[in-house]
Amino acid sequence: MLEFSILAILATCIAGMIQIATSKRETLPVWERENGKKEIEKWLERFLAKLKRTSTRTQKCRLILAVERMQFENDSYAAWWKHVRFGEKNVEIFDTGKNVAKKNLQKIEITEFQKQILKSNSALKNQLIENSEIKEEEGEWQIPAELKTKIISEGGEALVFSEKFGIFQTAVRVQIFDPFLFTDNFGLDLLIWNINFEKDYEKAVNKDESGKENQMPKHENIIKNFVNIELFHKKDLKKEDCIGWITIMEKADEDLRTILKEEKIGIEKRKKIAIGILDGFVYLMKIGIYHFDQKLENILLMDGIPKIIDFGLIIEETGRSGYREMGYARKGSKFRSHTALSAATPGFAYQQQFTFGGGYKVNNIFYFLFCDWKSSWTLLYKPINEKERKEIDKIVENCNATSIHKLKESKHRPIIREITSIISIPSSSSHFCLDDPNLTKSVQVSSLKQNATKCVNQDLENLTKNVLDQKSSNLCVPISVATLLRFAIKNDLGFKDEIDAYSAESILSTLTLIVYPRSMTGLNLNPKKEETEFQLNQIELLLERLCKKTYLMETGWEIIRKLDFEEERQPKESTCKFEKILLHKNFVFSRPLTVTGAIIIPHKRIDGIDYPEKLFFHQMTLDRIENGEYVLQNNQFTDHSSTVIRIKQRYPHYAAEPFVSNLENQTGDNIFIDGNIKIELINEQYYMTRNRWFLLPYAYSLKLTEI
């Protein structure tokens, strides 16, 4: 009987010990457990089975992207190469830019992944492929309902989910580098992977330490990746070309954009956040990582502590494998040359990441921390005169924030130390705000080159024959301004652009990313057409911004003038002025103008769907007047419209209500009298022929004058 009692006590003790051990095990996150790799592997197989997507890209697109992931003997080649040719054993890259006669840059051994792509389409062998031939990605994620409820954010090539591992809440990022990944053409049977754990890596301390491969970023203000899973094609036995990541990371409470837009925090918390962000970026630079997507959405907060996220647009100097293995850096020379990035976010871009210039290199994120939401955008982008500047100076002085101008010199700590209250400008307007988060997505600038369409046999005398197709974007205004500016640079300053640094796409990129931020949706490789509805492009405002300073920025022209970083290759120092001009049947042409056209598209019925009559406005550029006709360069020809439009100079000009009706009531006809000039006016209510272009009476010229 005693033996049974002892056995019962022993069994109870053992059960208790097992329960304690199990309890301890469950309080450890899976990535810190002894058998953590097996548990993550089981989870991964279940998770991968749920990931499905479609892609509209081609095998050629895949090859171009695969070249971008290659390491060249000179990292600068990543910015220089324009064409590639795939042979049996080697990849050959060429620089075919302006004034370069198809210069062979390097031959590189073909990767196993590239071989697999060429097997599926052998016609791509020995073919000269241009790096701008990447198609728009219109594919979509096809996620099951159970996973959709967990989505935190979604992009064309990335998804972030909320995921719980035991008692630990995390975020899981899915990032694809090959567009066919998770499609029917690239199933799980073709995948292998490496599972990497944060606990196996040392903290990176310095970028100059040699022989320290097994390191990763570890800092309070950098998002912590607990696990990073590198995905490879199963034939890539050397695992030399990673085609995707699945990353398990810290889950934050909310992002800085939301907090600041909703004015949730006061100046002291803002200063604390600013110090954390600054410390995080300084640490990254110290270990050889330069973050080039420093926008508000890429700062998350956990218990008030800022965390820097999203390492898609970075330059990495050390080449440490640990950075790549843990999801903080991508492989390839593209991510070791800032110009090769060729991507940026409107309002948060450095000029050097998409051109060779250094006209703007300020981290705008700090302006938003020290100003209220509307004031931030207004001080950055509203053109002002000297009287307005003095009024703002008084407000800034009252906040002890005069050091805000030192941010241009990368001096952040004085403003953090001195400012006592949030800068708020009473006259601030939402007009300048990019309120919708869709408008501050990063965009691929390199794709603009494929839209610079050659107008073969077109009769343009003053403007370039390379006409930029705006596609479905709402960027006709900045495109027209860029066209005028190119003309002025050449003709007013006598400037010769030897290396094509001042191309239409470079000027347009700087206008829309830095000078007066607009979304490039519909023009770049992000084709979500609905985002174009958020555009607000007023020609006079953009011209003012080009010619005038804002409170925090130089004139738009001065920023564009420095598109080339070598001073001797820049246009001469000069002032930029625009003039409002009245068009009429006796108007005499002297230089190209930006003009606004109006057209009524009548009611249509297509495939049983009614499209009501609609009035459209479109900005174009006047090339010349010839034989009594306005000859206009048109940038919207995706719908088979002509790149050159002709409008009779004697035609009436369009004017909106109530302007026309008021005039008719006063004069008995539609005649607008301006001094000795008479202009016949019409609109959709007064004698306007459908399907015919009419110009608005006012146009604008742009002129540069050497200082």
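Reading the values: the criteria
- Residues numbered from 1 in each chain as written.
- Predicted model: local features only at pLDDT ≥ 70, side-chain atom pairs only at ≥ 80, totals over all residues.
- Heavy atoms only, no water.
- Helix = DSSP H or I, 4+ residues; strand = E, 2+ residues; numbered from the N terminus.
- Buried < 20%, exposed > 50% of the residue type's maximum accessible area, 1.4 Å probe, protein only.
- Contact = heavy atoms within 4.5 Å.
- Areas by Shrake-Rupley, 256 points an atom, 1.4 Å probe, with all protein chains shown as cover.
- Expected span 1.5 Å × (residues − 1).
- Arc of directions from axis to C-beta.
- Pairing = 2+ DSSP bridges.
- Axes fitted to C-alpha atoms, helices over the stretch in contact; angles between N-to-C directions.
- Parallel < 35°, antiparallel > 145°, perpendicular 65-115°, else oblique.
- Left-handed = near helix turned anticlockwise from the far one by under 90°.
- Nonpolar A, V, L, I, M, F, W, Y, C, P; charged D, E, K, R; others polar.
- Patch = residues over 30% accessible without salt bridge, like charges linked within 9 Å, V, L, I, M, F, W, Y side chains within 5 Å.
- Salt bridge = Lys/Arg side-chain N within 4 Å of Asp/Glu carboxyl O.
- pLDDT = per-residue confidence, 0-100.
- Phe/Tyr/Trp six-rings, centres within 6.5 Å; stacked < 30°, edge-to-face > 60°.
- Lys NZ or Arg CZ within 6 Å of the ring centre and 35° of its normal.

1. Section: the overall build of the protein
The number of helices and strands found in the protein is 19 helices and 33 strands. The buried share among the 707 residues of the protein stands at 53%. Considering only intrachain contacts with a sequence separation of at least 6, the fraction spanning at least 24 residues in the protein is 69%. Summing over all exposed atoms, the protein offers an accessible surface of approximately 32500 Å²; the carbon and sulfur share of this is 49%.

2. Some thoughts on helix 2 (residues 36–48)
In an α-helix there are 3.6 residues to a turn, and that puts residues three or four apart on one side. Taking 1.5 Å per residue as the helical rise, helix 2 with its 13 residues ought to reach 18 Å, and the 18 Å between its terminal C-alpha atoms agrees with that figure. All buried positions along helix 2 are accounted for by G36, I40, W43, L44, F47 and L48. An end-on view of helix 2 places all buried positions within 125° of arc, on one side of the element. Of the residues in helix 2, the exposed ones pointing more than 90 degrees away from the buried face are K38, K42 and R46.

3. What to know about helix 17 (residues 539–547)
For helix 17, a buried count of seven out of nine residues is recorded, marking the element as mostly surrounded by other parts of the structure. Inspection of helix 17 places I539, L541, L542, L543, R545, L546 and C547 among the buried residues, and these make up the whole buried set.

4. Quick notes on the sheet that holds strand 1 (residues 83–86)
Strand pairing within a sheet occurs via backbone hydrogen bonds; the two strands may be parallel or antiparallel. With antiparallel pairing, four strands are arranged side by side in an open sheet as 3-2-1-4. With partners counted over all chains shown, the strands left at the sheet margins are strand 3 (103–109) and strand 4 (129–130), one partner each. For strand 1 and strand 4, the ladder comprises two bridges, and the chain directions are antiparallel. Of the residues in strand 4, the one forming a bridge with V84 is I129.

5. Examining the packing of helix 15 (residues 476–491) against helix 16 (residues 504–515)
Contact pair helix 15 / helix 16: the axes reach a minimum separation of 9 Å and the direction vectors enclose 125°. Compared by their axis directions, helix 15 and helix 16 come out oblique. Helix 16 is crossed by helix 15, and the crossing has right-handed handedness. Between helix 15 and helix 16, the residues in contact are P478, I479, V481, A482, L485, R486 and I489 and A504, I507, L508, L511 and T512, respectively. Partitioned by chemical class, the residues of the contact of helix 15 with helix 16 number ten nonpolar, one polar and one charged.

6. Let's talk about a nonpolar patch on the surface
On the surface, W80, F356 and F565 cluster together into a nonpolar patch covering about 300 Å² of accessible area. With respect to the helices, strands and loops of the structure, F565 is situated in the loop between helix 18 (556–561) and strand 22 (574–582).

7. Quick look at the sheet that holds strand 7 (residues 168–176)
Within the open sheet, the six strands sit side by side as 5-6-7-12-11-8. Their pairing is antiparallel. For this open sheet the edge positions go to strand 5 (151–154) and strand 8 (191–197), each flanked by a neighbour on one side alone. In this sheet, adjacent strand axes meet at a mean angle of 20° when their direction is disregarded. Sheet strands touched by helix 2: strand 6 (158–165), strand 7, strand 8, strand 11 (225–233) and strand 12 (244–250). Its angle to strand 8, the strand with the most contacts, is close to 135°.

8. Comments concerning the confidence of the model for the protein
Here the protein averages 87 in pLDDT, while 87% of its residues score no lower than 70. Looking over the protein, one finds the lowest element-wise mean pLDDT in helix 19 (residues 659–667), namely 50, and the highest in strand 11, namely 98. The model gives residues 524–537 a pLDDT under 50, and that stretch makes 47 contacts with residues more than four places away or in other chains. Across residues 663–668, confidence stays below pLDDT 50; counting only partners more than four residues off in sequence or on other chains, it has nine contacts.

9. Notes on the packing of helix 3 (residues 59–68) against helix 5 (residues 112–120)
The description of two helices packed together rests on the angle between their axes and the distance between the axes. Close contact between helix 3 and helix 5 brings their axes to 10 Å; oriented N to C, the two are set at 165°. Between helix 3 and helix 5, the crossing angle belongs to the class labelled roughly antiparallel. Crossing angle aside, the handedness with which helix 3 passes helix 5 is left-handed. Residues Q59, R62, L63, A66 and V67 of helix 3 touch helix 5, and the partners they reach there are F113, Q114, I117, L118 and S120. For the contact of helix 3 with helix 5, the class distribution of residues is six nonpolar, three polar and one charged.

10. Thoughts on the environment of S376
By the secondary structure assignment, S376 is in helix 11 (residues 373–381). Owing to a relative accessible area of 1%, S376 belongs among the buried residues under this scheme. Spatially, the C-alpha atoms of S376 and S428 are 8.6 Å apart, while their sequence positions differ by 52 residues. Setting aside residues no more than four positions away along its own chain, S376 makes contact with Y367, F368 and C371.

11. Quick word on unusual backbone geometry
The backbone phi angle of N126 is positive, close to 55°, even though this residue is not glycine. One can find N126 in the loop between helix 5 and strand 4. N126 gets classed as exposed once you look at its relative accessible area, which sits at 57%. Of note, the phi angle at E263 is positive, near 50°, even though the residue is not glycine. Relative to the helices and strands, E263 resides in the loop between helix 7 (256–261) and helix 8 (267–286).

12. Focus on the packing of aromatic side chains
Working definition: an aromatic ring pair is given by the centre-to-centre distance plus the angle between the planes. Counting across every chain of the model gives 22 aromatic pairs. Judged by centre distance (4.5 Å) and plane angle (10°), the ring pair of W31 and F226 falls under stacked. Highlighted residues: W31 in the loop between helix 1 (2–27) and helix 2 and F226 in strand 11, separated in sequence by 195 residues. The buried category is assigned to W31, whose relative accessible area is 4%. Ring centres 5.7 Å apart and planes at 90° place the aromatic pair F47 and F161 in the edge-to-face group. Taken together, the residues F47 in helix 2 and F161 in strand 6 connect sequence positions 114 residues apart. Of the two residues examined, F47 and F161, each falls in the buried class. Taking NZ or CZ as reference, R53 lies 5.2 Å from the ring centre of W141, over its face. In this structure, K580 is placed above the aromatic ring of Y698, and the distance from its NZ or CZ to the ring centre is 4.5 Å.

13. A short note on the environment of E140
Within the element layout of this structure, E140 appears in the loop between strand 4 and helix 6 (145–148). According to the relative accessible area criterion, E140 is exposed, its value standing at 55%. C-alpha separation for the pair E140 and T183, spaced 43 residues apart in sequence, amounts to 9.9 Å. In this structure E140 touches K52, R53 and T54, once residues within four positions along its chain are discounted.

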